[in-house]
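# Architecture and fold: a report
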Amino acid sequence: MTAEHSIAQAGSTAVFREPGLLSKALAQTSRFTRRQPLGAASAVVVVLLVVAAVFANVIAPYGPNENNVGPSLSGPSASHLFGTDNFGRDMFSRVIYGARISLYVGLGATLISAALATVLGAISGYFGGPFDYILQRFVDTAQSIPALIMLIGVLVVLGPSINNVMAAIAFRFALSLSRVTRGDVIVARSTPYVDAARSIGGTDMRILFRHILPNIFPTVIVLISTSIGVVIVSEASLSFLGYGVPPPNPTWGGMMSSSGRTYMLIAPWMLIAPTIALSLVVFAMNMLGDALRDELDPRMRGSR
Amino acid sequence: MIDSTYWSRATAGRVSRRRLIRGGATAGLGLATAALIGCGGGDEDEAAPAATSAPAATAAAAATTAAAATPAGEQIKRGGTHHYPATTALNDEMDPHKSTSQAAILWSFIGNTGTRLDREATKVVPELIASWEQVDDTTLTFTVRDGKWHSGRAIDAEDAVFNLMRISGRLEPEQVARYQRRTTLTGMDSAEAIDEKTVRVKFTQPTSTFLGGLSDFRNSWVPRDFFDNGGDFKDPNTLVGSGAFAIDHWEDEVKSTFKRNPEYWKTAGVTDTWPAGAENLPYLDGLEIVWVPDTTSAIAAFAGGDIDYILNPSRTDRETIKKLNAKAREEIWPFGNWHHWRFNPQRKPFDDVRVRQALFRVPAYDVLANEALGEGYWNYTGPLTAGFGAAIPSDEIAKMPGWNPATKDADIAEAKKLMSAAGMDDPTFDVPIMPPSATQAGFYFDSSVRMIDMLKKVWPNINATIDLPADSATFGKRQVEGDFGTIIYIIFPQPDAVLELQSQYLSTGSRNYGKFKSQEIDDLLLKAGTQFDSNERKATLIEAQRKLITDHMAMVTIDMPNYTAWLNPYVKGMEGFGGRIDGGAYDAWRHTEHMWFDK
Amino acid sequence: MSRYLAARILALVPAMFLLVVFVVVLVRLLPGNAIDIMLQEQVKGTGTQRAEIEKRMGLDRSIPEEIVHYSFGAIRGDLGESLWSQQPVTTLIVSRLPVTLKLGVLALGLAIVTGIAIGVLSAVRQNGPLDFLLRSISILGLSIPNFALATLVIVMPLIWWGWSPSVIYTTQGDNFIGHYTQFVIPGVILGLSSSATLMRITRTSMLEVTRQDYIRTARAKGLAELRIIVRHALRNALIPVVSLLGLQIAALVGGTVIIETVFGLPGIGRLLVTSLGIRDYPVIQGITVMTGVSVMLTNLIVDLSYNWIDPRAKVG
């Protein structure tokens with residue numbers, strides 16, 4: 001449930017290397033598949049998630065909030081793969097549309113937090129000084145409050161909505177992730193390469209954009225891939241406590257929480273279908289993130 | 001019977017008794033967020049246990065209860081410990097006179113009120129006040145029961161005076177706002193002990209509501225020397241009452257135990273509120289409140305015999321109970337709570353009565369209630385809850401346009417006409433519906449979803465949405481401040497028909513959240529408050545109800561749910577105990593003094 | 001070193017102050033307050049009477065006043081009184097802490113043991129079947145939200161056998177063994193995600209360390225593999241693991257909110273959620289500040305020991 005999980009991963013990913021790997025992309029993909037079969041399989045799941053999310057309206061036989069498309073609380077059948085819920089809504093359709101929201105919140109919050117973390121980390125790590133000191137105290141503070149608790153408080157104040165949930169998660173994660181990017185920027189800043197750029201008169205902006213940011217990019221990629229899963233679980237946990245994306249939005253977390261729990265003894269599919277969907281996606285995201293880290297981290301390569 | 005001539009004239013009192021306020025908060029489970037506000041009862045949200053809500057005062061009418069409670073030939077057994085499941089913390093105010101609901105569970109076990117209502121809510125019956133006499137329109141004397149506090153001291157007239165003063169907030173004037181039942185004693189001018197057992201109460205004006213007001217289930221009496229003897233409401237372990245059980249050890253959310261009060265004053269023939277032949281109550285040695293995380297856990301424990309009963313399970317929980325505990329026995333009775341869909345007439349377009357009437361005619365209320373509560377678990381009700389004798393009866397409401405399923409098509413056609421008359425052939429306005437919590441399952445949320453569907457079938461472009469508050473406390477704040485378009489919720493009635501209608505529809509009504517205002521209704525309701533003849537009073541109230549339905553429709557009354565208790569088969573003495581008004585959980589808690597175990 | 005120590009301790013002061021500011025401001029921003037809830041039955045005509053109650057409860061203080069008042073109180077160890085039960089917040093926390101501690105210690109202990117063991121095994125057998133299997137299981141524990149797992153643990157037996165683990169809280173006095181065994185299932189579920197996190201960091205760190213020169217040297221010297229792993233690699237690999245302890249504690253406290261809710265354990269997580277519902281400001285503040293300070297202090301201790309254990313660690 002915490003951003004710290006991702007940091008744990010990325011903490012050791014400080015890398016410094018030349019950008020421009022695009023040409024090798026194809027070769028790398030096949031190499032990746034060979035070396036990281038689990039990662040590759042996970043990538044397939046992630047692709048499926050994206051497809052489900054993007055084409056939800058094509059794949060899903062019914063609208064996510066279309067009531068009485070079948071008898072309510074009926075079990076899985078040919079016409080309703082995952083059964084129906086208490087409103088006679090098609091659970092399969094809701095799970096498919098749920099992919100859209102999970103991806104929107106998961107990816108949205110992660111990208112925003114990664115972008116924010118990169119900017120904060122770059123400024124803080126590169127320039128240091130009072131801004132750095134103050135920001136780090138903010139990060140100390142933010143990290144000392146359990147993320148779930150902080151998010152609940154913030155969301156009661158903001159009120160429930162998809163974007164508020166996304167923004168709150170993004171902001172909380174950004175503070176934690178910025179510590180990782182900051183660390184990498186500090187490492188990059190003290191390399192001979194940057195010293196050389198500075199000695200030939202490179203401006204701070206130029207050095208930041210041309211030399212430092214490209215070199216923390218792999219870290220950011222790993223942060224993103226390991227954070228999405230955590231974000232999705234965070235949203236679900238908030239839903240469980242009643243503070244997540246508000247219904248009737250078909251979120252997996254929401255389906256797993258009060259409605260799923262209310263009917264779990266007489267219609268367990270209402271709980272189980274979204275649980276499997278969410279767990280599978282989060283699992284794939286995590287495995288993919290690990291595989292990417294194994295590949296992207298120079299200190300990891302060259303083994304075997 | 002102590003039914004004084006006065007009381008045969010006035011059926012009830014002017015009691016300001018607010019509905020209960022603790023809803024079961026429910027995040028996810030039923031428990032996670034302790035929410036409050038609202039009241040509750042009769043809904044999955046607040047499911048069975050504890051702070052759940054539904055109050056009760058009540059006393060079973062002697063004859064019925066007596067017959068039902070001790071089936072012929074059964075030998076009452078003494079002993080045993082009752083286990084009651086609570087799902088929420090009971091950590092707020094334990095002062096019965098300040099608390100809005102929380103203290104009530106505890107005081108239902110350890111305390112007594114001055115009076116109670118009978119099962120049909122038609123008259124006030126004695127409790128700690130043994131008898132009374134209306135000396136004149138502004139003077140009443142009453143006699144205090146022969147009984148003892150848990151401390152061993154006899155209950156006397158000074159105790160009664162202390163409680164009257166305290167409930168009305170006069171002992172702590174600077175904190176008077178905290179005394180949440182002070183208006184139940186509206187009109188009381190002074191109270192004095194004229195001898196050891198007798199109290200004389202003077203009123204500033206003719207007041208018919210006093211004895212009814214004392215029946216509020218939270219108006220428990222506290223001994224006058226409570227504070228002098230080291231009592232402290234901060235510490236429930238120090239509480240002293242007069243009830244069937246005394247506090248043994250209180251530890252919130254862990255376990256709380258109560259032991260039998262061997263000197264309880266209720267013995268055979270003392271009052272008419274319990275089974276004939278009952279003596280030396282209570283029968284149990286003690287009781288325990290145990291905390292469980294949610295209703296499902298409580299039901300599992302109930303099936304295993306670790307818990308003795310489950311109060312008011314939701315429709316799905318009933319299915320679970322039947323599955324897990326086939327031997328469980330159901331007690332069911334009509335209970336005056338009412339679900340409603342309240343408009344905010346301060347906001348456009350809900351200020352237009354035609355729009356309100358049009359919206360009212362569309363939803364199929366039988367579908368909403370059947371889906372959420374189950375068939376046979378609810379009744380129709382008009383503006384005055386059908387729990388009261390002065391209400392338009394359920395079966396009459398069932399035949400009225402809007403409620404009547406048989407005329408739905410015609411009603412919808414009429415609704416379209418009304419909407420057109422209001423200038424909107426194709427309405428596109430917002431209809432935000434605010435349920436009390438973010439809980440996704442339960443009467444309020446589920447009914448909102450269904451109502452939106454029903455409205456959109458008639459007017460496809462109407463922007464009906466669920467307006468979800470962040471949590472129950474947020475809901476309460478927004479409700480009180482009138483910050484809503486429409487609300488779907490439940491109201492726990494006051495123990496008097498006039499007071500109940502006044503609180504909702506009087507322009508100054510304390511629960512008139514939409515600030516509905518009508519001179520005509522104000523006049524009728526104030527007039528009813530001065531009528532001592534029960535038939536005249538009823539006539540006035542019926543007129544007000546009809547006008548509310550046909551001319552105003554300030555809010556839609558969806559239904560009046562039945563209340564249920566599911567008991568393990570060995571639990572005896574709880575037969576037929578529920579009251580129409582003031583029933584529910586508090587009824588069960590108070591009635592624990594009659595519970596005995598056949599095992 | 002002493003300069004670093006001084007700087008670290010000094011940095012705690014603004015962080016703690018920020019913590020108080022954040023918590024006080026957030027709590028005051030919540031819609032509705034305790035008085036709204038207390039007075040909801042008599043909402044009419046309470047304007048002036050309300051001010052009197054606000055004063056008695058200290059809710060009449062402005063946010064800056066409250067920050068100053070609260071900070072000075074906190075320094076003296078006075079976290080105020082519950083607005084509802086009027087018990088001192090410290091008393092409430094102390095009464096609930098043992099449950100959370102028992103749960104937390106069990107979860108953390110389990111997480112450390114299994115996380116490190118799986119991490120090491122997984123690293124040693126990198127990209128082999130054992131690595132894939134162990135990692136998959138571990139990551140699966142991270143991927144199923146703990147509330148879902150907890151629900152399934154309670155519900156599935158109920159569906160299948162009509163029986164479920166009892167969730168009625170058992171006190172130590174009632175049943176000593178029952179008291180401790182009731183923490184096992186919740187503790188395991190709570191520990192799962194931390195275990196996976198620690199597994200990942202251990203594995204990564206082991207992979208790095210085993211590629212260092214001194215390990216190669218050790219191998220060249222012909223030392224036994226087990227000895228190399230345990231004595232040389234693991235010791236160094238654990239440093240980043242240790243550094244995460246503070247954050248893991250924060251994560252666990254967040255998890256207790258859910259686990260205590262599902263399993264009906266009367267700990268501080270549940271107290272926090274309850275207090276939020278009734279807007280009991282001092283209790284919400286007290287729990288959050290106490291947790292925050294504990295995490296900060298843990299981080300400090302970890303940080304210092306880290307520098308002490310591993311002299312190469314960069315100071316800064």
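Described in the following lines is the structure provided in the data block. All figures in this text were calculated on a predicted structure; none of them were measured in a lab.

Calculation notes
Within any chain, residue numbers begin from 1 and follow the written order of that chain's sequence. Naming scheme: in the order in which they are written, chains are lettered from A and ligands are numbered from 1. Only residues with pLDDT of at least 70 get local features here, since the model is predicted, and only at 80 or more are side-chain atom pairs given and counted; chain-wide, interface and lining totals rely on the full set of residues. Just so you know, side-chain values use all the structure's heavy atoms and leave hydrogens and water out. What counts as a helix is a DSSP run of H or I of at least four residues, what counts as a strand is a run of E of at least two, and both are numbered from the N terminus. Whether two aromatic rings pair depends on their centres lying within 6.5 Å, for rings of Phe, Tyr and Trp, where Trp uses its six-membered ring; planes under 30 degrees apart make the pair stacked, over 60 edge-to-face, and the rest tilted. Classification of residues uses two cut-offs on accessible area relative to the type maximum, computed with a 1.4 Å probe and protein chains only: under 20% is buried, over 50% is exposed, and between them is partly exposed. Note on definitions: salt bridges are taken to be side-chain nitrogens of Lys or Arg within 4 Å of carboxyl oxygens of Asp or Glu. Every axis in this analysis is a line fitted to C-alpha atoms, fitted for helices over the stretch in contact. Angles between the N-to-C directions lie between 0 and 180 degrees. When an angle is under 35 degrees it counts as roughly parallel; over 145 it counts as roughly antiparallel; between 65 and 115 it counts as roughly perpendicular; any other value is oblique. Note on convention: the crossing is left-handed when the near helix lies turned anticlockwise from the far helix by less than a right angle, right-handed when the turn is clockwise. Between two residues, a contact is recorded if the distance between any of their heavy atoms is within 4.5 Å. Under the scheme applied here, ten amino acids are nonpolar (Ala, Val, Leu, Ile, Met, Phe, Trp, Tyr, Cys and Pro), four are charged (Asp, Glu, Lys and Arg), and all others, including Gly, are polar. Exposure above 30% relative accessible area and the absence of a salt bridge qualify a residue for a patch, where like charges join within 9 Å and nonpolar side chains (Val, Leu, Ile, Met, Phe, Trp, Tyr) within 5 Å. Every accessible area reported is derived by Shrake-Rupley at a probe size of 1.4 Å, with residue values counting cover from the shown protein chains alone. For the charge count, each Lys or Arg is scored as positive and each Asp or Glu as negative, with His and the chain ends excluded. Charged side chains are reduced to one point each, which is NZ for Lys, CZ for Arg, CG for Asp and CD for Glu. Buried area is calculated as the accessible area (1.4 Å probe) missing from two parts once they are joined, with the contributions of both summed. We call two N or O atoms a polar contact when they sit within 3.5 Å, provided that within protein one can donate a hydrogen and the other can accept it, with sequence-adjacent residues counted only if both atoms are side-chain atoms. Working definition of a nonpolar core: buried Ala, Val, Leu, Ile, Met, Phe, Trp, Tyr and Cys residues. They are joined through side-chain atoms within 4.5 Å. An automatic or database domain assignment supplies the start and end points of every domain. Note on pairing: two strands pair once DSSP finds at least 2 bridges between them.

Our next topic: unusual backbone geometry. At the junction of A:Pro247 and A:Pro248, the peptide bond is cis and its omega measures out at 10 degrees in the coordinates. By the secondary structure assignment, A:Pro248 is in the loop between α10 (204-241) and α11 (252-262). Cis rather than trans, the peptide bond between B:Lys348 and B:Pro349 has omega equal to -5 degrees. Mapped onto the secondary structure, B:Pro349 falls in the loop between β13 (338-343) and α8 (353-361). We note that B:Lys515 has phi near 50 degrees; this positive angle belongs to a residue other than glycine.

Another aspect to go through is the packing of aromatic side chains. Applying the stated criterion across every chain yields a total of 33 aromatic pairs over all chains. Here the aromatic rings of A:Phe240 and C:Phe147 are separated by 4.6 Å at their centres, their planes lie at 15 degrees, and the arrangement is stacked. With A:Phe240 in helix α10 and C:Phe147 in helix α7 (residues 146-161), this pair bridges two chains. Between the aromatic rings of B:Phe343 and B:Phe350, the centroid separation amounts to 6.0 Å while the plane-to-plane angle is 15 degrees, which identifies the pairing as stacked. Each member of the pair B:Phe343 and B:Phe350 is classed as buried. By the ring-pair criterion, three or more aromatic residues cluster together here, those being B:Tyr84, B:Phe217, B:Tyr309, B:Trp333, B:Phe335, B:Phe492, B:Tyr563, B:Phe577, B:Tyr586 and B:Trp589.

With that settled, consider the pattern of salt bridges. Enumeration according to the criterion identifies 54 salt bridges over all chains in this entry. In this structure, the salt-bridge partner of B:Asp159 is B:Arg153, at a minimum N-O distance of 2.9 Å. Here B:Asp159 falls in the buried class, since its relative accessible area comes to 0%. Across the pair B:Arg537 and B:Asp496 runs a salt bridge whose closest N-O atoms are separated by 2.7 Å. Within this pair, whereas B:Arg537 is found in helix α16 (residues 534-552), its partner B:Asp496 is found in the loop between β17 (486-491) and α14 (497-505), the two being separated by 41 residues in sequence. Residues joined by salt bridges that share partners form a network here, namely A:Asp290, C:Asp131, C:Arg135, C:Arg200 and C:Arg203.

Bringing the packing of helix α2 (residues 25-35) of chain A against helix α12 (residues 269-296) of chain A into the picture now. Residue and element names in this part refer to chain A. Following both chains from N to C, one finds α2 and α12 inclined at 115 degrees, their axes separated by 11 Å at the closest point. Relative to α12, the element α2 is oriented roughly perpendicular. You can see that α2 and α12 cross each other, and the crossing is right-handed. Mapping the contact onto sequence places Arg31, Phe32 and Arg35 in α2 and Leu288, Ala291, Leu292 and Glu295 in α12. A class-by-class count of the residues in the contact of α2 with α12 yields four nonpolar, no polar and three charged.

Here we come to the environment of A:Gly254. With respect to the helices and strands, the residue A:Gly254 is situated in helix α11. Take A:Gly254: its relative accessible area is 2%, and that puts it in the buried class.

Before going further, it helps to examine a positive patch on the surface. A cluster of basic residues, C:Lys221, C:Arg227, C:Arg231 and C:Arg235, forms a positive patch at the surface. Tracing the sequence through the fold places C:Arg231 in helix α11 (residues 225-243).

With that out of the way, let us pick up the interface of chain B and chain A. Contacts between the two partners involve 27 residues from chain B and, on the opposite side, 23 residues from chain A. For the pair chain B and chain A, the two sides together bury roughly 2200 Å², of which 61% comes from carbon and sulfur. On the surface where chain B and chain A come into contact, there are zero salt bridges. Across the contact surface, chain B and chain A share four residue pairs in polar contact (both at pLDDT 80 or more). Per-element tally for the side of chain B that touches chain A: the top contributor is helix α12 (residues 443-458) of chain B, with five residues. Among the residues forming the side of chain B that touches chain A, the class breakdown is 11 nonpolar, eight polar and eight charged.

So, about the nonpolar core. With 219 residues, the main nonpolar core has B:Trp341, B:Leu359 and B:Trp459 as its most contacted residues. Ranked by residue count, the leading element in this core is α10(A), at 15 residues. Viewed by domain, this core spans two of them, domain 1 (2-75) and domain 2 (96-309) of chain C, each represented by three or more residues. Dropping the residues within four chain positions of it, B:Trp341 is found in contact with B:Leu359, B:Pro363, B:Tyr365, B:Val431, B:Ile433, B:Met451, B:Leu455, B:Thr486, B:Ile487, B:Met555, B:Val556 and B:Ile558. Listed in part, the 98 residues of the second largest apolar core include B:Met94, B:Leu214, B:Trp250 and B:Ala390.

All names here are of chain B. Ordered in space as β4-β5-β7-β6, the four strands form an open sheet in which the pairing is antiparallel. The open sheet has two free edges, formed respectively by β4 (129-136) and β6 (188-193), since each of these has just one partner strand. Direction aside, neighbouring strands of the sheet carry axes that sit 20 degrees apart on average. As judged from the five bridges shared by strand β5 (residues 139-144) and strand β7 (residues 198-203), these two strands associate in the antiparallel manner. Following the sheet pairing, Thr139 is matched in β7 by Lys202. Across the sheet, helix α4 (residues 157-167) touches β5, β6 and β7, and the angle it forms with β6 is around 160 degrees.

Bear in mind that shape data such as this cannot, by itself, settle questions of function.
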